[in-house]
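Okay, here's what each chain looks like letter by letter:
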Amino acid sequence: MSNHPRNCAINLQTPQFQFKMKEETDVLFPNRDVSIAVIKYCKQHSVPLPKHILDHVDLTNGEFADKAEMMVSPLQAQYLIWTARTFGAKKILEIGCFTGFSALAFAEALKDVEGAKIITTDIDPETCKVARQAFKDAGVDNFVTLLEAPALDSGYVDYFNAVMDLKLLRKGGILIGDNVLRLGLVAEIEKNPNKEDKDSVSRVQYLRPFNELVAKDPRVEALILPVFDGLALVRVL
Ligand SMILES: C[S@@+](CC[C@H](N)C(=O)[O-])C[C@H]1O[C@@H](n2cnc3c(N)ncnc32)[C@H](O)[C@@H]1O
């Protein structure tokens, strides 16, 4: 048996191969400064966001300072572009457009796809107006439609059931649930300093049933990642 790890049949009990599993409970980066540097590094080395999208983020930060945190983060928008292209998406339904940042990212991913269609929804007339103008300015309003109307009001479980029952997703299609960990509260409330955030705590009762449903539903395969504010990736089988 060779001692080279790549050429051997590894017996984890053999003394020279007592590998220790990486603890998933470890905090990945030692402090906030390192975390900020790492995120910046990731953004710089990932599929870029075009200037018009970055300008739109600045505009939203300026005009909707009190609500701008609702936008996905820039790295998350990069992730959405990469994912939409990787899955070969042609049609995208988004619930919750806000000023259109994530929809612009999806549009960037699909702009060269023949027959592409993006439908996004929101109930806030003020932000819908900004989003519509942004789609027009970006020249994507020919395939991005904003519906100013409420989607189902009852939360992620009903969205998931509607998508599945109406067969809106093809086999291999993907549903992305954002904020499914809600500041970590979904997994742990008592030891979580965010338990003082009553709005976030109130959402736990809607998110836990969704996470449990997608984990068990035989029609899909789910992966919840502790990135951003918790991302549920749900692929139709
Ligand atoms: C977190 S923000 C979306 C952010 C957006 N995806 C982005 O990255 O810029 C959620 C949005 O959902 C909208 N919303 C809330 N209830 C809704 C409903 N029933 N139907 C459609 N949109 C809704 C809110 O007005 C808000 O703009």
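Computed from a predicted structure; not experimentally measured.

The rules we used
- Residues numbered from 1 in each chain as written.
- Predicted model: local features only at pLDDT ≥ 70, side-chain atom pairs only at ≥ 80, totals over all residues.
- Buried ≥ 20, exposed ≤ 12 C-beta atoms within 10 Å, placed from the backbone.
- Helix = DSSP H or I, 4+ residues; strand = E, 2+ residues; numbered from the N terminus.
- Pairing = 2+ DSSP bridges.
- Axes fitted to C-alpha atoms, helices over the stretch in contact; angles between N-to-C directions.
- Contact = placed C-beta atoms within 7 Å.
- Near = placed C-beta within 6 Å.
- Nonpolar A, V, L, I, M, F, W, Y, C, P; charged D, E, K, R; others polar.
- Core = buried A, V, L, I, M, F, W, Y, C linked by C-beta atoms within 7 Å.
- pLDDT = per-residue confidence, 0-100.
- Parallel < 35°, antiparallel > 145°, perpendicular 65-115°, else oblique.
- Right-handed = clockwise from strand over helix to strand, strands pointing away.

Q: Would you mind showing me how to read helix α4 (residues 101-110) here?
A: Note: α-helices contain 3.6 residues per turn, so residues at a spacing of three or four share the same orientation. Burial analysis of α4 places 10 of its 10 residues in the buried class, the great majority of the element. Restricting attention to buried positions, one finds in α4 the residues Phe101, Ser102, Ala103, Leu104, Ala105, Phe106, Ala107, Glu108, Ala109 and Leu110.

Q: Looking at this structure, how should I read the sheet that holds strand β5 (residues 220-225)?
A: Sheet strands pair via backbone hydrogen bonds, and the direction of the pair is either parallel or antiparallel. The three strands are arranged β4-β6-β5 in an open sheet whose pairing can be described as antiparallel. Edge strands, defined here as strands with exactly one partner in the open sheet, are β4 (174-178) and β5. For this sheet, the mean inter-axis angle between neighbouring strands, taken without regard to orientation, is 15°. Set on the sheet, helix α7 (residues 198-216) makes contact with β4, β5 and β6 (231-236); between it and β5 the angle comes to about 135°.

Q: Explain the sheet that holds strand β2 (residues 117-122) here, please?
A: Strand order in this open sheet of three strands is β1-β2-β3, and the pairing throughout is parallel. Because the sheet does not close on itself, it has two edges, and the strands there are β1 (91-95) and β3 (144-148). Here the strands of the sheet are splayed against their neighbours by 15° on average, with no regard to which way each runs. In the sheet, β1 pairs with β2 via five bridges, with the strands oriented parallel. The residue of β2 that forms the bridge with Ile95 is Thr121. The sheet contacts of helix α5 (residues 125-137) involve β2 and β3, and relative to β3 the element is tilted by about 170°.

Q: Which parts of the structure should I look at to understand the site of the ligand?
A: Taken together, 17 residues lie around the ligand, and Gly96, Phe98, Phe101, Ser102 and Ala151 are the ones closest in. Elements represented by at least two residues in the shell around the ligand include exactly α4 and β2. Residue composition of the shell around the ligand, grouped by class: nine nonpolar, five polar and three charged.

Q: Whenever I open this one, the environment of Asn211 confuses me. Can you help?
A: Relative to the elements of secondary structure, Asn211 occurs in helix α7. C-alpha of Asn211 to C-alpha of Tyr156: the two residues are 55 residues apart in sequence and 9.1 Å apart in space. With residues near it in sequence (within four places) discarded, Asn211 still touches Val180, Val186, Ile224 and Ala232.

Q: Whenever I open this one, the nonpolar core confuses me. Can you help?
A: Within soluble globular proteins, side chains that are nonpolar generally end up buried alongside one another. Grouped together as the largest cluster of nonpolar side chains are 28 residues, with contacts concentrated most on Ala103, Leu104, Ala105, Phe106, Ala107, Leu110 and Ile118. Looking at this core, the elements that each hand over two or more residues are α3 (74-86), α4, α5 and β3. When residues in this core are grouped by element, the largest group, eight residues, is from α4. Formed by 13 residues, the second largest nonpolar core is a distinct cluster that contains Val180, Leu207, Phe210 and Val234.

Q: Help me understand the confidence of the model for the protein, please; the structure alone is not making it clear to me.
A: Do not read the predicted coordinates in detail wherever pLDDT is low. Of all residues in the protein, 89% attain a pLDDT of 70 or more, and the chain-wide mean is 91. Confidence over residues 1-13 falls short of pLDDT 50; this stretch has 11 contacts with residues more than four positions distant or in other chains.

Q: Whenever I open this one, the packing of helix α2 (residues 51-63) against α4 confuses me. Can you help?
A: In a pair of packed helices, the angle between the axes and the distance between the axes together describe the arrangement. With their axes 10 Å apart at the nearest point, α2 and α4 run at an angle of 175° to one another. It follows from the interaxial angle that α2 and α4 lie roughly antiparallel. Residues Ile53, His56, Val57 and Thr60 of α2 pack against Phe101, Leu104, Ala105 and Glu108 of α4. Its residues assigned to classes, the contact of α2 with α4 comprises five nonpolar, two polar and one charged.

Q: Help me understand the pairing of β2, please; the structure alone is not making it clear to me.
A: Look at any regular strand and the pattern is simple: side chains alternate between the two faces of the sheet. Side chains of β2 alternate between two faces, with Ile118, Thr120 and Asp122 buried and Lys117, Ile119 and Thr121 left unburied. Note that the unit made of β1, α4 and β2 has a crossover that is right-handed. As defined by bridge partners, β2 adjoins β3 across five bridges and the pair is classed as parallel. Paired with Ile119 across the bridge in β3 is Thr145. Traced from β2 through α5 to β3, the parallel crossover comes out right-handed.

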